[in-house]
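Now for the letters of each chain:
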Amino acid sequence: MKESKPSPSELALLKALWKQSPQSAREIHDKVKFELQWSYSSTRKTLDRMRDKSLVIQSEVHGIQVYKAALDKVETLAQYATDFATRVLELDGPLPIAMFANSKLMDEKELEELQEMLNGWPDAD
């Protein structure tokens, strides 16, 4: 069964993990606290829910609980982009990869992979 897409706050935590992994809950919180404007306990609770939903993988390193993303970055971003294009913009064709060109989250190889996914859109739902 295909996992539903992460909520906006879950996506913020995933983005932190895609940039560097694994990380402790404290490290993740320090990266997202200004964006999300919430407490450390909210970050922990969200990570627990994400673990239960199989969005993150929790393990122990030197006695510290750490997390890494369980979702593929490119696939997740493609899902967000196609959902936005369909539901918000009401587009009927593939998205131009140029809209992702200046992304700080994706490298050239990932952009190529994304382009392949988007070329299959809207069938790839």
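Residues numbered from 1 in each chain as written. Predicted model: local features only at pLDDT ≥ 70, side-chain atom pairs only at ≥ 80, totals over all residues. Heavy atoms only, no water.

Caption draft 1: Here's a closer look at the overall build of the chain. Tallying secondary structure elements over the chain gives five helices and three strands in all. When the elements of the chain are put in sequence order from the N terminus, they spell out α-β-α-α-β-β-α-α. C-alpha extents for the chain along the principal axes are approximately 50 × 30 × 25 Å. When burial is assessed residue by residue, the chain has 36% of its 125 residues classed as buried. Look at the contacts in the chain between residues 6 or more apart in sequence, and 56% of them connect residues 24 or more apart. As displayed, the chain offers around 7,900 Å² of accessible surface, 50% of which is attributable to carbon and sulfur atoms. When the 17 basic and 21 acidic side-chain charges of the chain are each reduced to a single mean position, those positions are 9 Å apart. (Helix = DSSP H or I, 4+ residues; strand = E, 2+ residues; numbered from the N terminus. Buried < 20%, exposed > 50% of the residue type's maximum accessible area, 1.4 Å probe, protein only. Contact = heavy atoms within 4.5 Å. Areas by Shrake-Rupley, 256 points an atom, 1.4 Å probe, with all protein chains shown as cover. Lys, Arg positive; Asp, Glu negative; His and termini not counted. Charge placed at Lys NZ, Arg CZ, Asp CG, Glu CD.)

Caption draft 2: Examining the packing of aromatic side chains more closely. What the rule picks out here adds up to zero aromatic pairs. For the cation-ring pair, K5 lies above Y80, with the distance from its terminal atom to the ring centre recorded as 5.2 Å. Sitting over the face of the ring of Y40, R26 holds its NZ or CZ atom 3.8 Å from the ring centroid. (Phe/Tyr/Trp six-rings, centres within 6.5 Å; stacked < 30°, edge-to-face > 60°. Lys NZ or Arg CZ within 6 Å of the ring centre and 35° of its normal.)

Caption draft 3: Quick peek at the sheet that holds strand β2 (residues 56–61). The strand order across the open sheet formed by three strands is β1-β3-β2, and the pairing between neighbours is antiparallel. Each end of this open sheet is capped by a strand with a single partner; those strands are β1 (23–24) and β2. Here β1 runs beside strand β3 (residues 64–69); their pairing, made up of two bridges, is antiparallel. Pairing of Q23 across the sheet is with Y67, part of β3. Sheet strands touched by helix α1 (residues 8–19): β1, β2 and β3. Its angle to β3, the strand with the most contacts, is close to 95 degrees. (Pairing = 2+ DSSP bridges. Axes fitted to C-alpha atoms, helices over the stretch in contact; angles between N-to-C directions.)

Caption draft 4: Just helix α4 (residues 73–88), in detail. The terminal C-alpha atoms of α4, which comprises 16 residues, lie 22 Å apart, in line with the 22 Å expected from a rise of 1.5 Å per residue. If you check which residues of α4 are buried, you get K73, V74, T76, L77, A78, Y80, A81, T82 and A85. Those residues of α4 hidden inside the fold are in contact with α1 and α5 (108–119). For α4, the N-terminal capping position is held by D72, with its side-chain oxygen 3.3 Å away from the main-chain nitrogen of V74. One or two steps after α4, the chain reaches E90, where phi turns positive at roughly 55 degrees. (Expected span 1.5 Å × (residues − 1). Polar contact = N/O pair within 3.5 Å; in protein donor to acceptor, adjacent residues only side chain to side chain.)

Caption draft 5: Examining the environment of L111 more closely. Inspection of the secondary structure assignment puts L111 in helix α5. A relative accessible area of 11% places L111 in the buried class. Those residues in contact with L111, other than ones at most four positions away along the chain, are I97, F100, A101 and M106.

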